[in-house]
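# Structural overview
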Amino acid sequence: MHPAFMLSIVVPAYLEENSIRHLYESILGSLNRSGIEFELIIVDDGSSDHTFDRIRELSEQDDRVLGIRLSRNFGHQAALLAGLSEARGDRILMMDADGQHPPSMIRPLLDKLEEGFDIVNTVREDTRDAGFFKKRSSKLFYRIFNMLSDVKIVSNSSDFRIMTRDALEAFLSFQEQNRFTRGLISWMGFKQASLPYRAPERFSGSSKYSLRRMSRLAFAGLTAFSSKPLRISTYLGLIVLTLGIAYAIYTLVVYLLGKSNPGWASLMITFLVLGGTQLLILGIIGEYLARIFNESKGRPHYFIERRTR
Ligand code: UDP
Ligand code: MG
């Protein structure tokens, strides 16, 4: 039996009109007879379908359900933040709306937390149904991330985790715009544990993480947690410079020996290599500059348009 506490379940939902009720019922099912007091906070991330209507229906039926609607689609990470900021419980669980984070894991997660951890993360076990490309690209991303970044994240980790109130307060104190939740959590420290789970198919609908969104998240994560790409450009610059000096000496010698030729090819090659390297470095600097620009505006992370109560 768990000691008396309140559990907040925070769920971001975008275009999930057909998943909401399913989710609610499976959460009820898994908490059934546990006597656990809970609130369910569902954040409609500016969906253009009936997601918010479904949430409102639920909240009229069950006052443990709170619905929040953001003023537009701010993205998964911002929606998560909006929900977490509303959570009133002593234990806070975050999970997806689509059924891919099985509610049957809630009890094991709570039990693990009770062992004295502050944060219990989950790691998705490889499933055959996850697309080949998605699996490969996410593996590659974690490999690169861990190579470049000072904080490490386990590959296949997901935004399905439970934490104590203290850990949540710490998490909410991050000011940055660009919130790569997995990285932030890893950076935080505290006593963390992790449980494996199997991801079932979505209840309905399809994944919102297109290749474009995935690469955007990957870039955001990388630039937020590593300045090594900037250093790489310095090294690259140094290497090119060294080669350039060596070549300049060679040219000079050839010239002094009076054997200089028209040299069109060598000029072109030098020009192209140097030009390419410079553009690459400018691009990397630009990425960081854009982040600084973004952070410097200090805009709110989201706007709440409506709530069910
Ligand atoms: N989501 C969101 N805003 C978005 C995109 C997604 O709140 O702009 C929610 C979505 O409803 C789901 C979770 O974030 O509950 C994860 O999204 P999805 O299932 O599309 O990602 P995947 O599981 O394929 O990585
Ligand atoms: Mg999903």
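The structure under discussion appears in the preceding block.
Residues numbered from 1 in each chain as written. Chains lettered and ligands numbered in written order. Predicted model: local features only at pLDDT ≥ 70, side-chain atom pairs only at ≥ 80, totals over all residues. Heavy atoms only, no water.

Here the focus is the sheet that holds strand E2 (residues 37-44). With mixed pairing, the eight strands of this open sheet are ordered in space as E7-E5-E6-E4-E1-E2-E3-E8. Sheet topology places strand E7 (192-197) and strand E8 (304-307) at the edges, where each strand pairs with a single neighbour. Each neighbouring strand pair of the sheet contributes to a mean axis angle of 20°, computed without reference to strand direction. The sheet contact formed by strand E5 (residues 119-124) and E7 spans six bridges and is parallel. (Pairing = 2+ DSSP bridges. Helix = DSSP H or I, 4+ residues; strand = E, 2+ residues; numbered from the N terminus. Axes fitted to C-alpha atoms, helices over the stretch in contact; angles between N-to-C directions.)

Aromatic ring pairs: the centre-centre distance and the angle between the two ring planes describe each pair. The tally for this structure, following the rule as stated, stands at ten aromatic pairs. Consider the rings of Phe141 and Phe145, whose centres lie 5.7 Å apart with planes at 55°: the pair is tilted. Highlighted residues: Phe141 and Phe145, both in helix H5 (residues 132-148), separated by four residues, approximately one helical turn. Relative accessible area serves as the criterion here: at 14%, Phe141 is assigned to the buried category. Chaining the aromatic ring pairs together yields one cluster made of Phe141, Tyr142, Phe145, Phe180 and Phe225. Directly above the aromatic system of Phe74 lies the positively charged group of Arg72, at a separation of 3.9 Å from the ring centroid. If you follow Arg91 out to its NZ or CZ, it ends over the ring of Phe5, 4.7 Å from the centre. (Phe/Tyr/Trp six-rings, centres within 6.5 Å; stacked < 30°, edge-to-face > 60°. Buried < 20%, exposed > 50% of the residue type's maximum accessible area, 1.4 Å probe, protein only. Lys NZ or Arg CZ within 6 Å of the ring centre and 35° of its normal.)

Another aspect to go through is the coordination of the magnesium ion (ligand 2). Protein coordination of the magnesium ion (ligand 2) is provided by Asp98 (OD) and Gln100 (OE1), with donor distances spanning 1.9 to 2.0 Å. Taking relative accessible area as the criterion, Asp98 reaches 3% and is therefore assigned buried. Take Gln100: its relative accessible area is 26%, and that puts it in the partly exposed class. (Donors = N, O, S within 2.8 Å, 3.2 Å for Na, K, Ca; no water.)

With that settled, the discussion passes to the site of ligand 1. Taken together, 19 residues sit near ligand 1, with Glu16, Asp45, Asp98, Ser207 and Lys208 positioned nearest. Within the side chain of Asp45, one N or O atom sits 2.6 Å away from a nitrogen atom of ligand 1. Here Asn73 contributes a side-chain N or O atom positioned 3.0 Å from an oxygen atom of ligand 1. Taking 530 Å² as the accessible area of ligand 1 by itself, protein coverage stands at 92%. Secondary-structure elements contributing two or more residues to the shell around ligand 1 are strand E1 (6-13) and helix H3 (76-86). (Near = heavy atom within 4 Å. Polar contact = N/O pair within 3.5 Å; in protein donor to acceptor, adjacent residues only side chain to side chain. Areas by Shrake-Rupley, 256 points an atom, 1.4 Å probe, with all protein chains shown as cover.)

In this structure, Leu70, Leu84, Phe145, Met163 and Phe171 are the most contacted members of the largest nonpolar core, which totals 37 residues. For this core, the secondary-structure elements that each account for two or more residues are E2, strand E3 (65-70), H3, strand E4 (91-94), H5, helix H6 (165-172), helix H7 (181-188) and helix H8 (211-225). Per element, the largest residue contribution to this core is six residues, and it comes from H3. When near neighbours in sequence (up to four residues on either side) are disregarded, Phe171 contacts Leu81, Leu84, Arg179, Thr181, Leu184, Ile185 and Met188. Of all hydrophobic cores here, the second largest spans 34 residues; its members include Leu31, Phe38, Phe52 and Leu195. (Core = buried A, V, L, I, M, F, W, Y, C linked by side-chain atoms within 4.5 Å. Contact = heavy atoms within 4.5 Å.)

Moving on, we get to a nonpolar patch on the surface. A surface patch of nonpolar side chains, about 710 Å² in accessible area, is lined by Tyr235, Leu238, Leu241, Ile245, Ile249, Val253 and Leu257. With respect to the secondary-structure elements, Ile245 resides in helix H9 (residues 228-256). (Patch = residues over 30% accessible without salt bridge, like charges linked within 9 Å, V, L, I, M, F, W, Y side chains within 5 Å. Salt bridge = Lys/Arg side-chain N within 4 Å of Asp/Glu carboxyl O.)

Turning to the environment of Leu243, a few remarks are in order. Assignment of secondary structure puts Leu243 in helix H9. The sequence separation of Leu243 and Gln100 amounts to 143 residues, and the corresponding C-alpha distance is 52 Å.

Within the structure shown, the criterion is met by 15 salt bridges. The salt bridge involving Arg307 is made with Glu86; its shortest N-O contact spans 2.7 Å. Residue Arg307 is found in strand E8, and its partner Glu86 is found in helix H3; the two are separated by 221 residues along the sequence. For Arg307, a relative accessible area of 39% translates into the label partly exposed. Here the salt bridges do not stand alone but share partners, grouping Asp44, Arg69, Glu305 and Arg306 into one network.

A separate point is the side chain of His76. Assignment of secondary structure puts His76 in helix H3. His76 sits in the buried class, given a relative accessible area of 18%. Excluding residues that lie within four positions of it along the chain, His76 makes contacts with Pro12, Asp45, Asp96, Asp159 and Tyr209.

Let's shift gears to the pairing of E3. Counting buried residues along E3, six of its six residues qualify, which places the element largely inside the surrounding structure. Burial along E3 is two-sided: Val65, Gly67 and Arg69 and Leu66, Ile68 and Leu70, pointing in opposite directions, are all buried. A crossover connection joins E2 to the parallel E3 through helix H2 (residues 51-61); in handedness this β-α-β unit is right-handed. (Right-handed = clockwise from strand over helix to strand, strands pointing away.)

Turning our attention to unusual backbone geometry. Backbone geometry follows two general trends: most residues other than glycine have a negative phi, and most peptide bonds adopt the trans configuration. Located in the positive-phi region is Leu15, a residue other than glycine, with phi close to 55°. Within the element layout of this structure, Leu15 appears in the loop between E1 and helix H1 (20-31). Since its relative accessible area comes to 30%, Leu15 is described here as partly exposed. Residues other than glycine seldom take positive phi values, yet Phe190 does so here, at roughly 65°. Residue position: Phe190 is located in the loop between H7 and E7.

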